[in-house]
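Structure at a glance
The residues making up each chain are set out below.
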Amino acid sequence: MDYGVSDLAQMEAGLKAKPVRPKDWVDFRCQRCGACCRHLTDKVMVESLDAFRLVKFFRDHGRPYMTMDEFYAQYATPLPIARGYPIFMMNTDGPEEACVFLKDGACSVYPARPRTCRLYPFSVGPGQHGRDFIWYQCLDATHHFCGGRVLVKDWAYQNFNREDREFVKREYASCTKIGALLAKMDASVYEHALPMILLLRYSEFDVEQPFLPQYDHNLQLLMDYLRSLVDEGA
């Protein structure tokens with residue numbers, strides 16, 4: 001797998017992939033070899049919804065007081081972006097650069113694994129002409145593409161639920177708007193804004209409450225805050 005800032009960015013960055021339709025059948029069977037969990041340094045983005053679910057998972061499995069901040073500090077690394085949209089990438093371990101959650105050849109957080117992992121061997125980008133998404137088949141691990149068949153829409157139904165879809169649509173819409181505001185800031189203003197961006201994008205969530213209402217609230221606060229900084233500097 002080769003994952004970057006977003007699924008669309010991955011395609012634009014040269015990931016071997018091809019568009020597929022929900023009604024397409026694709027040759028694929030998971031070999032449970034763990035190959036797609038290795039060689040992942042700076043390749044699996046940990047979105048806020050991913051972290052939210054993982055924190056809930058850890059709270060239910062022996063770490064009842066874990067917070068979003070603690071999760072990111074322990075399991076993810078910020079990707080340096082000069083005056084850009086800050087993101088976190090999953091940590092890796094060992095000479096094979098394996099996902100930090102790969103234990104004894106298997107995913108130790110499988111029920112709460114990130115969206116990137118659940119959707120593999122597929123990915124999504126913003127849709128066109130009235131469609132919410134464009135689906136892609138990743139072609140980077142051909143040893144998986146034998147021994148079975150999957151229907152794209154069935155895979156999506158199993159691994160891309162309503163909360164995922166609503167979150168991703170919001171992300172695609174908000175990234176463009178936030179990026180446009182950040183582009184209007186000089187470096188010193190951006191550095192001043194960065195802590196608030198990180199707080200509202202990744203930290204300020206109560207995992208005992210529904211995710212999407214908090215996401216919408218934080219996004220509105222962030223947009224208002226960034227607009228105020230741009231207006232002050234105009």
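Residues numbered from 1 in each chain as written. Predicted model: local features only at pLDDT ≥ 70, side-chain atom pairs only at ≥ 80, totals over all residues. Heavy atoms only, no water.

**Points about the overall build of the protein**
Within the protein, the secondary structure is distributed over 8 helices and 11 strands. Restricting the contact set of the protein to residue pairs at least 6 apart, pairs at least 24 apart contribute 71%. As displayed, the protein has an accessible area near 12300 Å², and 53% of this comes from carbon and sulfur atoms. (Helix = DSSP H or I, 4+ residues; strand = E, 2+ residues; numbered from the N terminus. Contact = heavy atoms within 4.5 Å. Areas by Shrake-Rupley, 256 points an atom, 1.4 Å probe, with all protein chains shown as cover.)

**Focus: helix H8 (residues 211-233)**
Taking 1.5 Å as the rise per residue, H8 with 23 residues should run 33 Å; its terminal C-alpha atoms sit 33 Å apart, in good agreement. The set of residues buried in H8 consists of Phe 211, Leu 212, Gln 214, Tyr 215, Asn 218, Leu 219, Leu 222, Met 223, Tyr 225, Leu 226, Leu 229 and Val 230. (Expected span 1.5 Å × (residues − 1). Buried < 20%, exposed > 50% of the residue type's maximum accessible area, 1.4 Å probe, protein only.)

**Considerations on the side chain of Asp 164**
Here Asp 164 lies in helix H6 (residues 162-183). We classify Asp 164 as buried; its relative accessible area is 2%. At 2.7 Å, the side chain of Asp 164 and the side chain of Arg 53 are in polar contact. In this structure Asp 164 touches Leu 49, Arg 53, Arg 118 and Asn 159, once residues within four positions along its chain are discounted. (Polar contact = N/O pair within 3.5 Å; in protein donor to acceptor, adjacent residues only side chain to side chain.)

**Digging into the pairing of strand E4 (residues 87-90)**
Covered by surrounding structure in E4 are Ile 87 and Met 89 together with Phe 88 and Met 90, the residues of both alternating faces. Bridge count between strand E3 (residues 76-79) and E4: 4 bridges; the pairing is antiparallel. Across the sheet, the residue bridging to Thr 77 is Met 89, located in E4. (Pairing = 2+ DSSP bridges.)

**Comments concerning the sheet that holds strand E10 (residues 133-138)**
Taken together, the 3 strands give an open sheet; going across it, the order is E1-E10-E9, and neighbouring strands pair in antiparallel fashion. Lying at the two open borders of the sheet, with one neighbouring strand each, are strand E1 (17-20) and strand E9 (122-126). Each adjacent strand pair in this sheet contributes to an overall mean axis angle of 40 degrees, direction not counted. Examined bridge by bridge, E9 and E10 share 5 bridges and lie antiparallel to one another. Bridging from a neighbouring strand, Gly 125 pairs with Ile 134 of E10. (Axes fitted to C-alpha atoms, helices over the stretch in contact; angles between N-to-C directions.)

**Re the environment of Leu 102**
Assignment of secondary structure puts Leu 102 in strand E7 (residues 102-103). Sequence separation between Leu 102 and Thr 92 is 10 residues, and the spatial gap between their C-alpha atoms is 9.1 Å. Those residues in contact with Leu 102, other than ones at most four positions away along the chain, are Cys 37, Arg 38 and Cys 107.

**Observations concerning unusual backbone geometry**
Negative phi values dominate among residues other than glycine, just as trans dominates among peptide bonds. The residue after Tyr 120, namely Pro 121, is reached through a cis peptide bond having omega 20 degrees. For Pro 121, the position within the fold is in the loop between helix H4 (115-119) and E9. Positive phi, close to 60 degrees, is recorded for Asp 42, a residue that is not glycine. Of note, Asp 42 is situated in the loop between strand E2 (25-27) and helix H2 (48-59). Residue Asp 42 is classed as partly exposed on the basis of its relative accessible area, which comes to 42%. Residue Asp 104 is not a glycine yet carries a positive backbone phi of 50 degrees.

**Considering the packing of helix H7 (residues 187-203) against H8**
Each pair of packed helices can be described by the angle between their axes along with the distance between the axes. Two elements in contact, H7 and H8, have axes whose closest approach is 9 Å; the angle formed by their N-to-C orientations is 170 degrees. Overall, the two elements H7 and H8 adopt an arrangement that is roughly antiparallel. Here Val 189, His 192, Ala 193, Met 196, Ile 197, Leu 200 and Arg 201 of H7 lie close against H8, whose contacting residues are Tyr 215, Asn 218, Leu 221, Leu 222, Tyr 225, Leu 226 and Leu 229. Grouping the amino acids of the contact of H7 with H8 by side-chain chemistry returns 11 nonpolar, 2 polar and 1 charged. (Parallel < 35°, antiparallel > 145°, perpendicular 65-115°, else oblique. Nonpolar A, V, L, I, M, F, W, Y, C, P; charged D, E, K, R; others polar.)

**Remarks on the packing of aromatic side chains**
In this structure the tally under the stated criterion is 21 aromatic pairs. Geometrically, the ring pair formed by Phe 71 and Phe 101 is stacked, given 6.4 Å between the ring centres and 20 degrees between the ring planes. Pair noted here: Phe 71 is in helix H3 (residues 68-75) and Phe 101 is in the loop between strand E6 (98-99) and E7, with a separation of 30 residues, a long-range link. Taken individually, Phe 71 and Phe 101 each receive the classification buried, so the pair is uniform in this respect. Looking at Phe 101, the relative accessible area reads 3%, which means it is buried. Following the ring pairs from residue to residue traces out a cluster consisting of Phe 57, Phe 58, Phe 71, Tyr 72, Tyr 75, Phe 88, Phe 101 and Tyr 202. For Arg 63, the ring lying beneath its charged end belongs to Phe 58, and the centroid distance is 5.4 Å. (Phe/Tyr/Trp six-rings, centres within 6.5 Å; stacked < 30°, edge-to-face > 60°. Lys NZ or Arg CZ within 6 Å of the ring centre and 35° of its normal.)

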